[in-house]
Amino acid sequence: MSDPTATAGSQYTEDQTNAIGVASLRRELIGAAATLDGQPITNVKAVSRCQTVFTTKSNVTVTVHWNKVNNFAPTVDHGSATIPIDDGAGVHNFILPEGDGFRRVNGTMGHLADACESEK
């Protein structure tokens with residue numbers, strides 16, 4: 001059975017890759033009981049290739065415009081990882097337990113920022 005997300009030559013488009021990344025963020029952030037600006041994250045969804053909406057338990061939504069995110073440097077302190085994301089609208093702190101899930105989230109966010117950089 002063929003992969004319905006694959007294109008000719010088994011190459012993924014950037015749109016497909018970003019959609020997979022957002023699905024990964026949803027799984028990792030909600031599953032790890034991560035927080036955004038101190039509130040538990042309850043949903044993650046893409047609204048476009050370079051915009052992701054994060055919803056918190058208090059029903060606050062934060063839209064990250066990945067094409068406006070510059071370099072970021074996560075920190076790990078006593079088993080807790082913080083990823084500060086600044087897309088020009090302010091810094092939003094994603095906090096989750098240090099470990100494989102954190103590394104996947106950090107890598108995915110880095111990919112989204114890099115992939116959308118050309119749309120600045």
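Residues numbered from 1 in each chain as written. Predicted model: local features only at pLDDT ≥ 70, side-chain atom pairs only at ≥ 80, totals over all residues. Heavy atoms only, no water.

## What to know about the nonpolar core
Now for step 1: One finds Leu 29, Phe 54, Trp 66, Ile 83, Ile 85, Phe 94 and Met 109 to be the most contacted residues of the largest nonpolar core, which totals 25 residues.
Now for step 2: Contributing elements (two or more residues each) for this core: α1 (14-31), β2 (39-48), β4 (61-65), β6 (80-86), β7 (91-97) and α2 (100-115).
Now for step 3: With five residues, the single largest contributor to this core is α2.
Now for step 4: Ignoring sequence-local partners within four residues, the contact set of Ile 83 consists of Phe 72, Pro 74, His 92, Asn 93, Phe 94, Leu 96, Phe 102, Val 105, Asn 106 and Met 109. (Core = buried A, V, L, I, M, F, W, Y, C linked by side-chain atoms within 4.5 Å. Buried < 20%, exposed > 50% of the residue type's maximum accessible area, 1.4 Å probe, protein only. Helix = DSSP H or I, 4+ residues; strand = E, 2+ residues; numbered from the N terminus. Contact = heavy atoms within 4.5 Å.)

## As for the packing of aromatic side chains
Now for step 1: Taken as a whole and judged by the stated rule, the model has one aromatic pair.
Now for step 2: Between Phe 54 and Phe 94, the aromatic rings sit 4.9 Å apart at their centres with planes inclined by 65°, giving edge-to-face as the arrangement. Of this pair, Phe 54 sits in strand β3 (residues 51-56) while Phe 94 is found in strand β7, placing the two residues 40 residues apart along the sequence. Each member of the pair Phe 54 and Phe 94 is classed as buried. (Phe/Tyr/Trp six-rings, centres within 6.5 Å; stacked < 30°, edge-to-face > 60°.)

## A few points about the confidence of the model for the protein chain
Now for step 1: Residues at a pLDDT of 70 or more form 84% of the protein chain, whose mean pLDDT is 86.
Now for step 2: Across residues 1-12 the pLDDT falls below 50, and counting only partners more than four positions away or on other chains, this stretch makes twelve contacts in the model. (pLDDT = per-residue confidence, 0-100.)

## Let's talk about the pairing of β2
Now for step 1: Bridge count between strand β1 (residues 35-36) and β2: two bridges; the pairing is antiparallel. Paired with Thr 35 across the two strands is Pro 40, which belongs to β2.
Now for step 2: The hairpin formed by β1 and β2 contains two residues between the paired strands, and Asp 37 there has a positive phi angle of roughly 50°.
Now for step 3: Here β2 runs beside β3; their pairing, made up of six bridges, is antiparallel. If you follow Ala 46 over to β3, its bridge partner there is Thr 52.
Now for step 4: Hairpin connection, β2 to β3: the antiparallel pair is bridged by two residues. (Pairing = 2+ DSSP bridges.)

## Re the pairing of β7
Now for step 1: Sheet analysis places β1 next to β7, joined by two bridges and oriented antiparallel. Looking at the pairing, Thr 35 lines up with Ile 95 of β7.
Now for step 2: By the bridge criterion, seven bridges tie β6 to β7 in an arrangement that is antiparallel. Looking at β7, one finds that Ser 80 is bridged to Pro 97.

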